[in-house]
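Each chain is listed here by its residues.
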Amino acid sequence: MLNPKRVAWLFIFLVIQVVSMLAIPTISAEIIDNGVATGDIDYIIKYGLIMIAIAFFGFASAISAVYLSSTESQAVGAKLREQLFDQILNFTNEEIDQFGTSTLMTRTTSDVLQIQQVLVMALRFLIMDPLRILVAATLAFTREPKLAFVFLIIVPILLFFIVIILRKVNPLFRSIQIKTDRLNRIFREGLTGIRVIRAFNREEYEEERFDEANEDYAQTSIAAHIYMSFLDPLMILLTSATSIMIIWFGAQYISVGEMAVGNLVAFTSYSFNILMGIMMLSMIITMIPRMQVAIERVYQILDAQNQIVDTDRPATLDAYGKEVSLAFNHVDFRYPGAEKLALKDIDFSLKDGEKIAIIGGTGAGKSTLANLILRLYDIESGSIKINGLDIKHVTQHDLREMIGFATQNALLFSGTIRENLKYGNEEATDEELWHALEVAQGADFVSNLSDGLDSRVEQGGANFSGGQRQRLSIARALATDAKILVFDDSFSALDFRTDAQLRKALEPETEDKAVIIIAQRISTVVDADQILVLDKGELAGKGTHEELKASNEVYQEIIESQMKGEDI
Ligand SMILES: Nc1ncnc2c1ncn2[C@@H]1O[C@H](COP(=O)(O)OP(=O)(O)OP(=O)(O)O)[C@@H](O)[C@H]1O
């Protein structure tokens, strides 16, 4: 994912930076010993200018390295987010259920950010610091081997404390990520469920739930940062101790003429570079497990095997052909992990010009059946065929292009009404959109809006009533010009009159289409060519309204329960 050419440039700039960082004290030592000590001004000026030139190169390289590491890590972050979003969009409902929406969001945002933040540091310091330590140690040991023993004392002490801190801090950072998930989940639920929370006066309870998760997250973060905060003072303490030791022993060597003053200055600087290098390297090493956790979490999503895949050699489905047929042949379906079948032995067929209605109590399996037509889940046995082709043998794209779907919850996207209506057919003209709205009984209310088709739709369609949302979602399905129309309980929020008008307006529109209307109300299904009665996932009856009314017990019960409702 990293660009090798840019990483190679980064490496070159970092080498220049390290060389310049360590060349400066080396030249200083030369100036002190050969210029200052002998009063040679020319020497001082000449080497002073060389020092400035080296410092300039070091400065320019440092800036270039920061630029390259930042842009590289940003590019990796952007790529990961793009891949995650693409992958999640292709997830089946099963995979989305398995992960849960809040963790999918945390992983796409905060885990990727975590990777980016560590990467920007790691790209520089993982290359620069080992180099810095190596060169500084070589220079220190070759220039003044007598003082090298100082490192043999200080470095083990530094490493000892760093290991202790890392061992404490790593598990804490791991748990912070899990706690972020939890915090996001509660926050999300609070936002989406705000109306329910208010209606049940549960603000206090939700606040407590959030506070508790927030406190837990904050405490873990604080604990982790307390441990991390030891690193700075530890470093100050150890560099000071090193300087004191170097000056103490160095002064003694200088006084007996065994060491030059310049070497003392250079050695102090090398030692600082070595200790600083070790500390920075340790900090990065601390961060790497955090990045690893984030990478694992991100790759769990990216590596998830999509359960529903297109076959290698798909058959061609003529989405705009004259005729269309849909057949369920003894279909059994079970939700992943469920014990019981959600649909059992479902068998029916319909073709263009026909309208099938599916009725049944809550949880009977109506929406499940609609989802199977779209192949949102794969069936366990039997087959679903469109135009004689098993839907597993055509691409999901071709299949879904055949179907205009109005979902049960009438979800709309933020944008304009026009954008929402054109969601399934970008080519649709305004005239076609208005026509779809006419049929969906939504033209009146849209034309009364000051901006008509350009009116804003808030997230989820929050600025429209349930009935208006349903009409827009029906119009969206009609605007696709698909051959099969599925209305999943899409008329439930409409009053009886609008429901009847809509079905009437649909008649001429659907002469060459196959229509499936899922409903709970008898009045919505009476005029269907065929009614399927679903009961606990099984087909309890199949026939016209009159036939079922005369002979089907479940249907009779539904009629009876709704008659009672009308009496009230
Ligand atoms: N994602 C899911 N995972 C597991 N079980 C599910 C899932 N969705 C639905 N079910 C189960 O499948 C059964 C059928 O649900 P379905 O949503 O199809 O019913 P329905 O007839 O459309 O009901 P309603 O009219 O209330 O929407 C129910 O028992 C439900 O609990």
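As annotated in an unreviewed UniProt entry, the chain carries the name ATP-binding cassette, subfamily B and comes from Atopostipes suicloacalis DSM 15692. Its UniProt record, at the heading Subcellular location (unreviewed entry), says of the chain: "Cell membrane".

Draft legend 1. How the structure looks around the overall build of the chain. When helices and strands are tallied, the chain shows 19 helices and 12 strands. In summary, the chain has a C-alpha radius of gyration of 36 Å against a globular reference of 24 Å for 568 residues, an excess of more than 25%. Within the chain, buried positions represent 33% of all 568 residues. In the chain, the share of contacts with a sequence separation of at least 24, taken over all contacts with a separation of at least 6, comes to 79%.

Draft legend 2. Expanded view of the confidence of the model for the chain. Per-chain confidence: the chain averages 88 in pLDDT, with 99% of residues scoring 70 or above. With pTM at 0.71, the complex prediction returns an ipTM value of 0.95.

Draft legend 3. Structural detail: the site of the ligand. Taken together, 13 residues sit near the ligand, with Y335, T362, K366, S367 and T368 positioned nearest. Among the elements that line the shell around the ligand, the one with the most residues is helix α10 (residues 366–373), at 3 residues. Partitioned by chemical class, the residues of the shell around the ligand number 4 nonpolar, 7 polar and 2 charged.

Draft legend 4. Looking closely at unusual backbone geometry. The phi dihedral of H330 is positive, around 45°, even though this residue is not glycine. If you trace the backbone, H330 turns up in strand β1 (residues 325–333).

Draft legend 5. Structural detail: the nonpolar core. The biggest cluster of nonpolar side chains holds 73 residues, and the ones touching the most others in it are A357, I358, A436, A475, I484, V486 and I517. No other element matches strand β10 (residues 514–519), which puts 6 residues into this core. The two domains that each donate at least three residues to this core are domain 2 (324–402 + 484–498 + 516–568) and domain 3 (412–481). Excluding its chain neighbours within four sequence positions, the residues that come into contact with V486 are A370, I373, I403, F405 and I516. Judged by nonpolar contacts, the second largest core, of 47 residues, contains L139, L147, I154 and V298.

Draft legend 6. Broad picture of the UniProt feature "domain: ABC transmembrane type-1" (unreviewed entry) in the chain. Under the UniProt annotation, "domain: ABC transmembrane type-1" (unreviewed entry) lies at residues 8–290. Regarding residues 8–290, the helix share stands at 92% and the strand share at 0%, and the terminal C-alpha atoms are separated by 25 Å.

Draft legend 7. Inspection of the UniProt feature "transmembrane region" (unreviewed entry) in the chain at higher detail. UniProt records the feature "transmembrane region" (unreviewed entry) for residues 7–27, 47–69, 147–166, 234–255 and 267–288 in the present numbering. In residues 47–69, helix accounts for 100% and strand for 0%; the two terminal C-alpha atoms are 32 Å from one another. Between the end C-alpha atoms of residues 234–255 the distance is 31 Å, and the span holds 100% helix and 0% strand.

Draft legend 8. A look at the domain arrangement of the chain. When its domains are assigned, the chain resolves into domain 1 (4–302), domain 2 (324–402 + 484–498 + 516–568) and domain 3 (412–481). A straight line from the C-alpha centre of domain 1 to that of domain 2 covers 60 Å.

Draft legend 9. Structural context of the environment of F405. Structurally, the position occupied by F405 is in strand β6 (residues 403–406). Note: C-alpha distance between F405 and I474 (69 residues apart in sequence) is 7.9 Å.

Draft legend 10. Structural view of the pairing of strand β9 (residues 484–488). The element β9 is extensively covered by neighbouring structure, given that 5 of its 5 residues are classed as buried. Across the two faces of β9 the burial is the same, with I484, V486 and D488 and L485 and F487 all buried. Both β6 and β9 contribute to a ladder of 4 bridges, which runs parallel. Residue G404 lies in a different strand from β9, and its bridge partner there is L485. The pairing of β9 with β10 spans 5 bridges and is parallel. For D488, the partnering residue across the bridge sits in β10 and is I518. On the question of chirality, the crossover connecting β9 to the parallel β10 by way of helix α16 (residues 496–509) is right-handed.

Draft legend 11. Quick peek at helix α8 (residues 231–255). With 25 residues, α8 ought to run about 36 Å at 1.5 Å a step, and its terminal C-alpha atoms sit 35 Å apart, in line with that. Listed in full, the buried residues belonging to α8 are M235, L238, T242, I246 and G250.

Draft legend 12. Summary view of the packing of α8 against helix α9 (residues 261–302). Remark: α8 packs on α9, axes separated minimally by 10 Å, with the N-to-C direction vectors making an angle of 160°. The angle between α8 and α9 falls in the class roughly antiparallel. When the axes of α8 and α9 are compared, the crossing they make is right-handed. Here L231, M235, L238, T239, T242, S243, I246, G250 and I254 of α8 come into contact with α9, specifically with V261, L264, F267, T268, S271, F272, L275, M279 and M283.

Draft legend 13. Summary view of helix α13 (residues 430–439). Within α13, burial applies to L433, A436, L437 and V439. Along the long axis of α13, the arc covered by the buried residues comes to 160°, so they all point the same way. Those residues of α13 that are exposed and angled more than 90 degrees off the buried face are D430 and E431. Tucked inside the fold, the buried residues of α13 contact α12 (417–421), α14 (443–447), α15 (466–478) and α16. Looking one or two residues beyond α13, the residue adopting positive phi is Q441, at roughly 60°.

Rules used in this analysis
- Residues numbered from 1 in each chain as written.
- Predicted model: local features only at pLDDT ≥ 70, side-chain atom pairs only at ≥ 80, totals over all residues.
- UniProt positions renumbered as here; feature names shortened; annotations may be inferred.
- Helix = DSSP H or I, 4+ residues; strand = E, 2+ residues; numbered from the N terminus.
- Rg over C-alpha atoms; globule rule 2.2 N^0.38 Å.
- Buried ≥ 20, exposed ≤ 12 C-beta atoms within 10 Å, placed from the backbone.
- Contact = placed C-beta atoms within 7 Å.
- pLDDT = per-residue confidence, 0-100.
- Near = placed C-beta within 6 Å.
- Nonpolar A, V, L, I, M, F, W, Y, C, P; charged D, E, K, R; others polar.
- Core = buried A, V, L, I, M, F, W, Y, C linked by C-beta atoms within 7 Å.
- Domains from an automatic or database assignment.
- Pairing = 2+ DSSP bridges.
- Right-handed = clockwise from strand over helix to strand, strands pointing away.
- Expected span 1.5 Å × (residues − 1).
- Axes fitted to C-alpha atoms, helices over the stretch in contact; angles between N-to-C directions.
- Parallel < 35°, antiparallel > 145°, perpendicular 65-115°, else oblique.
- Left-handed = near helix turned anticlockwise from the far one by under 90°.
- Arc of directions from axis to C-beta.

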